[in-house]
Amino acid sequence: MKYVTPLRLKILMIVFFGTGILGIVVGLRVAPPQGTLMITFMGVINLCLGGFFGWILLTQKPKLDDKRKKKRNDN
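Residues numbered from 1 in each chain as written. Predicted model: local features only at pLDDT ≥ 70, side-chain atom pairs only at ≥ 80, totals over all residues. Heavy atoms only, no water.

### Here we look at helix α1 (residues 6–30)
Test applied: In DSSP terms, a helix is any run of H or I states spanning at least four residues, a strand is any run of E spanning at least two, and both are numbered starting from the N terminus. Between the first and last residue of a helix there are one fewer steps than residues, each counted as 1.5 Å, and that sum is the expected span. Summary of the burial criterion: residues with accessible area below 20% of their type's maximum are buried, those above 50% are exposed, and those between are partly exposed, where the area comes from a 1.4 Å probe applied to protein chains only. Contacts are assigned to residue pairs with any non-hydrogen atoms lying within 4.5 Å of each other.
Helix length check: α1, at 25 residues, gives a terminal C-alpha distance of 35 Å against a target of 36 Å (1.5 Å per residue), a fit within 8%. Looking at α1, one finds that the buried residues are Leu 9, Phe 16, Gly 20, Gly 23 and Gly 27. As for α1, its buried residues are in contact with α2 (36–59).

### Comments concerning a nonpolar patch on the surface
Stated formally: Patch rule: a residue counts if its relative accessible area is over 30% and it has no salt bridge; like charges are joined within 9 Å, and nonpolar side chains (Val, Leu, Ile, Met, Phe, Trp, Tyr) within 5 Å. All accessibility values rest on the Shrake-Rupley procedure with a 1.4 Å probe; residue burial counts only the protein chains present in the view. Salt bridge, as applied in this entry: a Lys or Arg side-chain nitrogen positioned within 4 Å of an Asp or Glu carboxyl oxygen.
On the surface, a nonpolar cluster with roughly 470 Å² of combined accessible area is contributed by Met 38, Phe 41, Met 42, Ile 45 and Leu 49. For Met 38, the position within the fold is in helix α2.

So this is what it looks like as structure tokens:
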């Protein structure tokens, strides 16, 4: 998998966790009885996606700069 910057992963985690919590709350409290299960289910999916991006943030290896491609400046 391609390296993703930690800032981008943190933003994705916050967005998915926030929408997941909001979806579960709306699905269980506000939604009419017909849409309750679907909205709650989508909230749970968003929580799972937030966890997935958190797992990627914690397990990906840091990107190391390739020293062969850098230009040396010996002044």
